[in-house]
Amino acid sequence: MKLDTLILYIVVSLVLLAGFRIISLTLRYVVDRKRKLLFLKYLPLAESVFWIVYLILSAQYFMQKGGGIHAVWIFGILLILLGFFSWFAFRDIIAGVVWKTNKKFKLQDTIKVGEFQGKIQAFHHRNLEIMNDNEESIIIPYTKILNSQIIKTNPTEMILSYSFKLETLNEMGSGELIQKIRYEILNLPWSSVKTEPKIKALKEEKDRYIFDINVYSMDKDYFYKIENHIKKKFGLGK
């Protein structure tokens with residue numbers, strides 16, 4: 001068996017291994033959530049089947065070309081390479097088993113892992129899926145979770161913020177009007193009493209003020225209620 005044939009075979013094997021790793025890494029950028037989860041579920045199985053067939057065909061090829069000793073030698077090298085690269089694929093599964101055994105987390109728990117925060121949506125074999133406040137699905141490998149500090153947040157203590165613009169008539173001084181708006185917001189049942197709203201005058205014209213209002217609540221669904229109430233009471237269209 002020629003040396004250049006052997007080198008070509010090793011190069012092709014490495015390219016195939018790198019190709020699977022690239023596919024695995026690019027899956028995190030798939031926008032469609034259902035397709036992403038489908039790929040994440042079946043890619044490891046498809047890769048395993050591919051390499052089993054590849055090993056069998058490789059052994060047959062080298063036995064025909066150079067005898068059994070060449071087949072054993074090549075087979076051994078390929079197994080070592082596969083073991084090295086497969087560790088990157090299966091380490092997330094092993095890390096997932098370790099992480100799940102503590103049973104401290106369940107679906108819909110709100111957690112923070114590094115720079116990511118959201119509610120747990122699913123425990124996959126290789127990664128954890130969470131949903132952030134923007135309803136974006138985030139897939140986090142279990143190896144990253146094991147190497148990061150995990151903060152479990154009590155939803156009742158989470159305070160979210162939201163800002164909107166308000167145009168109102170300048171029937172009184174801006175300072176007095178700001179105090180009235182602040183008092184109104186704090187007395188709404190949807191507002192957080194722990195954090196006061198921030199109100200800033202952006203523009204003052206002859207007949208109107210334009211304010212930037214930042215409000216706080218424990219549920220983002222309350223923000224439109226706060227905004228609608230304030231605009232109805234103080235806005236130009238009241």
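Residues numbered from 1 in each chain as written. Predicted model: local features only at pLDDT ≥ 70, side-chain atom pairs only at ≥ 80, totals over all residues. Heavy atoms only, no water.

**Focus on the overall build of the protein chain**
When its secondary structure is counted, the protein chain shows six helices and eight strands. Helices and strands appear in the protein chain in the N-to-C order α-α-α-β-β-β-β-α-β-β-α-β-β-α. Considering only intrachain contacts with a sequence separation of at least 6, the fraction spanning at least 24 residues in the protein chain is 61%. Accessible surface, the protein chain as shown: approximately 15,200 Å² in total, 61% of it carbon and sulfur. (Helix = DSSP H or I, 4+ residues; strand = E, 2+ residues; numbered from the N terminus. Contact = heavy atoms within 4.5 Å. Areas by Shrake-Rupley, 256 points an atom, 1.4 Å probe, with all protein chains shown as cover.)

**A word on the side chain of Asp109**
Among the structural elements, Asp109 can be located in the loop between α3 (68-100) and β1 (110-113). In this structure Asp109 touches Lys104, Gly118, Lys119, Ile120 and Lys152, once residues within four positions along its chain are discounted.

**Focus: helix α5 (residues 174-186)**
The first and last C-alpha atoms of α5 sit 18 Å apart over 13 residues, in line with the 18 Å expected at 1.5 Å per residue. Of the residues making up α5, those classed as buried are Leu177, Ile178, Ile181, Arg182, Glu184 and Ile185. Along the long axis of α5, the arc covered by the buried residues comes to 160°, so they all point the same way. Residues of α5 that are buried in the fold lie against β6 (160-169), β7 (198-204), β8 (208-217) and α6 (223-234). (Expected span 1.5 Å × (residues − 1). Buried < 20%, exposed > 50% of the residue type's maximum accessible area, 1.4 Å probe, protein only. Arc of directions from axis to C-beta.)

**Description of the packing of aromatic side chains**
Here the structure, examined in full by the defined rule, presents three aromatic pairs. Ring geometry for Tyr209 and Phe211: centres 5.6 Å apart, planes at 40°, overall tilted. Here Tyr209 falls in the buried class, since its relative accessible area comes to 4%. Aromatic rings pair up to connect Tyr162, Phe164 and Phe223 into one cluster. (Phe/Tyr/Trp six-rings, centres within 6.5 Å; stacked < 30°, edge-to-face > 60°.)

**Observations regarding the sheet that holds β8**
Spatially, three strands are ordered β6-β8-β7 in an open sheet, and the strand pairing comes out antiparallel. The strands lining the two open edges of the sheet, one partner per strand, are β6 and β7. Pairs of neighbouring strands in the sheet enclose a mean axial angle of 20°, with direction left out of account. Direction of pairing for β6 relative to β8: antiparallel, over a ladder of 10 bridges. By the bridge assignment, Thr168 is partnered in β8 with Tyr209. (Pairing = 2+ DSSP bridges. Axes fitted to C-alpha atoms, helices over the stretch in contact; angles between N-to-C directions.)

**Brief notes about the pattern of salt bridges**
Inspection of the entire model under this criterion finds eight salt bridges. The salt bridge involving Lys165 is made with Asp212; its shortest N-O contact spans 3.3 Å. Of this pair, Lys165 sits in strand β6 while Asp212 sits in strand β8; the two residues are 47 residues apart in sequence, bridging distant segments of the chain. A salt bridge links Lys231 to Glu227, with the nearest nitrogen and oxygen atoms 2.7 Å apart. Of this pair, Lys231 and Glu227 both sit in helix α6, four residues apart, which is roughly one turn of the helix. The exposure class assigned to Glu227 is buried, which follows from its relative accessible area of 14%. (Salt bridge = Lys/Arg side-chain N within 4 Å of Asp/Glu carboxyl O.)

**Notes on the pairing of β1**
The side chains of a regular strand alternate between the sheet's two faces. In terms of strand pairing, β1 meets strand β2 (residues 116-123) through four bridges, oriented antiparallel. When the bridges of β2 are listed, Ile111 appears paired with Gly118. Adjacent in sequence and paired antiparallel, β1 and β2 are bridged by two residues, among which Gly114 carries a positive phi angle near 60°.

**Details of the nonpolar core**
Core analysis: the largest hydrophobic core is formed by 17 residues, its most contacted members being Leu166, Ile181, Phe211, Ile213, Val215 and Ile230. Residue assignment for this core shows that the elements contributing at least two residues are β6, α5, β8 and α6. Non-local contacts of Phe211, meaning those with residues more than four positions away in its chain, are made with Phe164, Lys165, Leu166, Thr168, Ser174, Leu177, Ile178, Ile181, Ile199, Lys200, Ala201 and Leu202. Ile111, Leu128, Ile138 and Ile140 belong to the second largest nonpolar core, which has 12 residues in total. (Core = buried A, V, L, I, M, F, W, Y, C linked by side-chain atoms within 4.5 Å.)

**Topic: the environment of Lys231**
For Lys231, a relative accessible area of 33% translates into the label partly exposed. Here the alpha-carbon distance between Lys231 and Lys165, two residues 66 residues apart in the chain, equals 9.2 Å. There is a polar contact of 2.7 Å between the side chain of Lys231 and the side chain of Glu227. (Polar contact = N/O pair within 3.5 Å; in protein donor to acceptor, adjacent residues only side chain to side chain.)

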